[in-house]
Amino acid sequence: MNALVGYGEYAVSLLTIGGIYAVMALGLNLQWGYGGLFNAGVSGFFAVGAYASAILTAPVTPGHFVGFGLPIIVGIVSAMLLSAVVGWFVGRICLRLQSDYLAMATIGIAEILRLVIDNEIWLTNGSRGIVAIPRPFEDLPGIWRDFAYLGLVAAVVAALYIALELLARSPWGRVMRAIRDNEAAAAAFGKDVASFRLQAFVLGSMAMGLSGALTAHAFKFIGPDATLPLITTFLVWVMLIAGGSANNRGAILGPILIWTLWSATELLTGTLPPEWQIRGSYLRVFLIGLLLQVVLQRFPRGLLPERPPRPPQAERVDAKEG
Amino acid sequence: MSAIIAVDRITKRYGGLTVLDACSFEVPRGSITGLIGPNGAGKTTLFNIIAGVTRADHGRILLDGADVAGKKPHELFQLGLARTFQIPKEWTRMTVLENLMVVPRQQAGEGVLAAWFERGRVRREEMAILRRAEATLEILGLSGHRAALAGTLSGGQKKLMELGRTMMVDAKVVLLDEPGAGVNRTLLGDLAQHIERLHRGHATSFCIIEHDMDLIARLCDPVIVMAEGRVLAEGKMAEIKADARVRAAYLGAASPGMAAA
Ligand SMILES: Nc1ncnc2c1ncn2[C@@H]1O[C@H](COP(=O)(O)OP(=O)(O)O)[C@@H](O)[C@H]1O
Ligand SMILES: [Mg+2]
């Protein structure tokens, strides 16, 4: 029985974190899958959201700047808004760059943000991180607490999926894919490429900020380690590419699958002799990279590849019949 | 102003190479103007300057009488200019139908908020756009490919689809860069017919770059001959054919099209 509860807790935690990664991947999918924008600084937007919500909601402690004790919902909404603002500024500067330069610029910005977090101790508490971040549903007993948080994450994923799927099927999404496929032709047919790209970038950044906030509240703690590019930027890219970019379902399936496997590799490297443990994290990256290669051999465009939406006529016929 | 497009002493250099050399001509309103000349004459570069893609070093472009200096490609489209590309720029991972449906101006559903909250209105608009796109594909004989990804079409089909994109709006003027290239001979006759029909139906003017002299002779008046960045001759096809300088330019460039014509 105890073992069963243990497995249950493990599954709940896997799905919760997988779901949080799905929020991140859905945001990246909007930028890369639909917009062709190579954001290699996902960790930066994640960090903005995580720290914004953490600082605003952590309890007020005398003699300490960190902590405003605001309600969690205020923290989460502010995290999204701040990420949007940062996304807007970054987008205004970087989106006119070619794809590979955009990647470099976003990596740079994410690294700057990480240095800020490491060094602006008055704001972020530096390497010790922010503790005692409130978590919703704290009054619930035992595993129900974790279940409730999983429910929250699932609801966020579902709402985000619906919102992004509506966008993807709309004329807005059609313009985004046109810009992705051929920018010059989209401009020649009247589309304001810079404006559409900025919109996609800002919306995607908001989702990344939201995932940061959800992480901070899930762990009740946020420190600079959580913003390392390896476990945000790198993993989320693997998740999206494996799941299938330009497919919002792929952007949910990929994270859950890859996070499960990533966690499994931890169990695996845990069995290594102690002198190898230190190399374990490199081994995990290697294994995940290998896995991505295998997936892409078999499914070159991801497990759930892009499928153009059906034309509106089909829906009209359905509506008539129904 | 009788010209829908006036090209006024346009000069363009790439490094030491003068691609356009104070080039001037007009596309009369309501005409189908042909633009011919050997490869490298600067025709495509001129199209790109008119469409706002490339900036000229000197000179002006007047669109419907107004100087369009500094206008971006998407702004020029809003002003009534539509174009195709010498090398097709299809949206590869989108269906042929979608490639046409992208085009219409000012779609309500291109706004994020409308896409979320005004879905009834967007749907109604989509139905109208869909009908126009399907009618266009029907005319072009591409209906069978409506659900195909544009990247999978043949070169000739892409050319037709690009023409179709320009048919999704009531443009003031359409620039076609070698619409017949890669299109087989039977389809070429159809293509000419489509352009004639568009020309009759709307009050749209055309400027067509083309190497197929039969197509030019059938459709275009006036015909402008460019060579080495300048206008060499200009007039009806019959006059052009008789022009010794034109023959020399084409023979010099060893282009069989004109030599045979
Ligand atoms: N971006 C560019 N850089 C350098 N040279 C160019 C560029 N674009 C065009 N050219 C040169 O300009 C000349 C005219 O090209 P183009 O306008 O394509 O001619 P056409 O369409 O009449 O065949 C060619 O010699 C070509 O090599
Ligand atoms: Mg050319």
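The rules we used
- Residues numbered from 1 in each chain as written.
- Chains lettered and ligands numbered in written order.
- Predicted model: local features only at pLDDT ≥ 70, side-chain atom pairs only at ≥ 80, totals over all residues.
- Heavy atoms only, no water.
- Helix = DSSP H or I, 4+ residues; strand = E, 2+ residues; numbered from the N terminus.
- Rg over C-alpha atoms; globule rule 2.2 N^0.38 Å.
- Buried < 20%, exposed > 50% of the residue type's maximum accessible area, 1.4 Å probe, protein only.
- Contact = heavy atoms within 4.5 Å.
- Areas by Shrake-Rupley, 256 points an atom, 1.4 Å probe, with all protein chains shown as cover.
- Lys, Arg positive; Asp, Glu negative; His and termini not counted.
- Charge placed at Lys NZ, Arg CZ, Asp CG, Glu CD.
- Buried area = accessible area lost by both parts, 1.4 Å probe.
- Salt bridge = Lys/Arg side-chain N within 4 Å of Asp/Glu carboxyl O.
- Axes fitted to C-alpha atoms, helices over the stretch in contact; angles between N-to-C directions.
- Parallel < 35°, antiparallel > 145°, perpendicular 65-115°, else oblique.
- Nonpolar A, V, L, I, M, F, W, Y, C, P; charged D, E, K, R; others polar.
- Phe/Tyr/Trp six-rings, centres within 6.5 Å; stacked < 30°, edge-to-face > 60°.
- Lys NZ or Arg CZ within 6 Å of the ring centre and 35° of its normal.
- Near = heavy atom within 4 Å.
- Polar contact = N/O pair within 3.5 Å; in protein donor to acceptor, adjacent residues only side chain to side chain.
- pLDDT = per-residue confidence, 0-100.
- Donors = N, O, S within 2.8 Å, 3.2 Å for Na, K, Ca; no water.
- Domains from an automatic or database assignment.
- Pairing = 2+ DSSP bridges.

Participant: Give a description of the overall build of chain A that names residues and reports values.
Facilitator: When helices and strands are tallied, chain A shows 14 helices and zero strands. Starting at the N terminus and ending at the C terminus, chain A contains elements arranged as α-α-α-α-α-α-α-α-α-α-α-α-α-α. For a compact globule of 322 residues, the expected C-alpha radius of gyration is about 20 Å, and chain A comes in at 20 Å, within 12% of that figure. The buried share of chain A, reckoned over its 322 residues, is 50%. Sequence-distant contacts in chain A: of pairs separated by 6 or more residues, those separated by 24 or more amount to 76%. Surface exposure of chain A reaches about 14,800 Å², of which carbon and sulfur atoms provide 69%. Placing the 22 positive and 19 negative side-chain charges of chain A at their respective mean positions leaves the two points 7 Å apart.

Participant: Which residues make up the interface of chain B and chain A, and what values do they have?
Facilitator: Listed by partner, the interface residues are 38 residues for chain B and 33 residues for chain A. Where chain B abuts chain A, roughly 3,200 Å² becomes buried across the two surfaces, and 64% of that area is made up of carbon and sulfur atoms. Together, Trp 91, Arg 93 and Trp 116 of chain B form the three largest contributors to the area buried by chain B at its contact with chain A, with a combined 20%. There are five salt bridges connecting chain B and chain A.

Participant: Hey, could you go over the packing of helix α1 (residues 2-34) of chain A against helix α9 (residues 193-219) of chain A for me, with residue numbers and the actual values?
Facilitator: Packed helices, taken two at a time, are described by their axes: the angle between them and the distance between them. All names here are of chain A. Following both chains from N to C, one finds α1 and α9 inclined at 170°, their axes separated by 7 Å at the closest point. With respect to α9, the element α1 is oriented roughly antiparallel. Residues belonging to the contact of α1 with α9 are distributed by class as follows: 15 nonpolar, six polar and no charged.

Participant: Report on the packing of aromatic side chains, specifying residues and quantitative values.
Facilitator: By convention here, two paired aromatic rings are described through the distance between centres and the angle between planes. Enumeration over the complete set of coordinates arrives at ten aromatic pairs over all chains. Measuring from ring centre to ring centre gives 5.6 Å for Trp 144 of chain A and Phe 147 of chain A, while their planes differ by 35°; the resulting arrangement is tilted. You can see Trp 144 of chain A and its partner Phe 147 of chain A sitting in helix α6 (residues 142-169), three residues apart, about one turn around the helix. Its relative accessible area of 38% is what places Phe 147 of chain A among the partly exposed residues. On the basis of an interplanar angle of 75° and a centroid distance of 6.1 Å, the ring pair of Phe 189 of chain A and Trp 91 of chain B is categorised as edge-to-face. Taken together, the positions of Phe 189 of chain A in the loop between α8 (183-188) and α9 and Trp 91 of chain B in the loop between β6 (81-83) and α3 (96-101) put the pair across two chains. The burial state of Phe 189 of chain A is the same as that of Trp 91 of chain B; both residues are buried. Each member of the aromatic cluster is reached from another via a ring pair, and the members are Trp 32, Phe 38 and Trp 237 of chain A. Sitting over the ring of Trp 262 of chain A, Arg 284 of chain A keeps its end group 4.2 Å from the ring centre.

Participant: For the site of ligand 1, give the residues involved together with the corresponding values.
Facilitator: All names here are of chain B. In the neighbourhood of ligand 1, the contacting residues comprise Tyr 14, Leu 17, Val 19, Asn 39, Gly 40, Ala 41, Gly 42, Lys 43, Thr 44 and Thr 45. For ligand 1, an oxygen atom lies 3.0 Å from a polar atom in the backbone of Gly 42. The contact in question runs from an oxygen atom of ligand 1 to an N or O atom on the side chain of Thr 44, over 2.7 Å. Coverage of ligand 1 by the protein amounts to 60% of the 570 Å² it exposes when considered alone. For the shell around ligand 1, the element with the most residues is helix α1 (residues 43-50), which contributes three residues. Classifying every residue of the shell around ligand 1 by side-chain character gives four nonpolar, five polar and one charged.

Participant: Lay out the confidence of the model for chain A in plain terms, naming residues and giving numbers.
Facilitator: Residue and element names in this part refer to chain A. Taken as a whole, chain A shows an average pLDDT of 90; of its residues, 96% reach a score of 70 or greater. When pLDDT is averaged over each helix and strand of chain A, the minimum, 50, is found for helix α14 (residues 312-321) and the maximum, 98, for helix α7 (residues 171-181). Here residues 314-322 is modelled with pLDDT under 50, and outside its nearest four sequence neighbours on either side it reaches four contacts, counting other chains as well.

Participant: Lay out the side chain of Arg 165 of chain B with the relevant residues and their values.
Facilitator: In this structure, Arg 165 of chain B sits in helix α6 (residues 155-166). Reaching out from Arg 165 of chain B, the side chain makes a polar contact with the side chain of Glu 162 of chain B at a distance of 3.1 Å. Ignoring sequence-local partners within four residues, the contact set of Arg 165 of chain B consists of Ala 185 and Phe 189 of chain A together with Phe 85, Lys 89, Glu 90, Trp 91, Asn 99, Leu 100 and Val 103 of chain B.

Participant: Residues and numbers for the environment of Val 231 of chain B, please.
Facilitator: Residues and elements named next belong to chain B. Take Val 231: it is sitting in strand β10 (residues 230-235). The exposure class assigned to Val 231 is partly exposed, which follows from its relative accessible area of 25%. Between the alpha carbons of Val 231 and Phe 25 there is a distance of 7.5 Å; along the sequence they are 206 residues apart.

Participant: An account of the coordination of the magnesium ion (ligand 2) is requested, with residue identities and associated values reported.
Facilitator: Residues and elements named next belong to chain B. Of the protein atoms, only Thr 44 (OG1) and Gln 86 (OE1) coordinate the magnesium ion (ligand 2), at distances of 2.0 to 2.1 Å. Pair noted here: Thr 44 is in helix α1 and Gln 86 is in the loop between β6 and α3, with a separation of 42 residues, a long-range link. For Thr 44, a relative accessible area of 26% corresponds to the partly exposed category. You can call Gln 86 partly exposed: its relative accessible area is 33%.

Participant: Account for the domain arrangement of chain B, naming residues and giving values.
Facilitator: All names here are of chain B. Under the domain assignment used here, chain B contains domain 1 (3-90 + 171-260) and domain 2 (91-152). Just the C-alpha atoms count here: the centres of domain 1 and domain 2 sit 29 Å apart. Across the boundary between the two partners, domain 1 contributes eight residues, which contact ten residues of domain 2. Approximately 750 Å² of surface area, both sides summed, lies buried where domain 1 meets domain 2, with 56% of it carried by carbon and sulfur atoms.

Participant: Before we move on, could you go through the sheet that holds strand β1 (residues 3-14) of chain B and cite the residues and values that matter?
Facilitator: One key point about sheets: their strands pair by backbone hydrogen bonds, in either a parallel or an antiparallel sense. All names here are of chain B. Taken together, four strands build an open sheet; the order of strands is β2-β1-β4-β5 and the sheet is antiparallel. Single-partner strands in this sheet number two, and they are β2 (17-28) and β5 (66-67). Across five bridges, β1 lies against strand β4 (residues 58-63) in antiparallel orientation. Note that in β4 the partner of Ala 6 across the bridge is Leu 62. Seen against the sheet, α1 touches β1, β2 and β4 and runs at an angle of roughly 115° to β1.

Participant: Please give an account of the sheet that holds strand β7 (residues 173-177) of chain B that cites residues and values.
Facilitator: All names here are of chain B. Taken in spatial order, the six strands make up an open sheet running β6-β7-β8-β3-β9-β10, and their pairing is mixed. At either margin of the open sheet sits one strand with a lone partner, and together these are β6 and β10. Neighbour-to-neighbour, the strand axes of this sheet turn through a mean angle of 20°, independent of strand direction. Those strands touched by α1 are β3 (32-36), β6, β7, β8 (205-209) and β9 (223-227), and its axis lies near 150° from that of β7.

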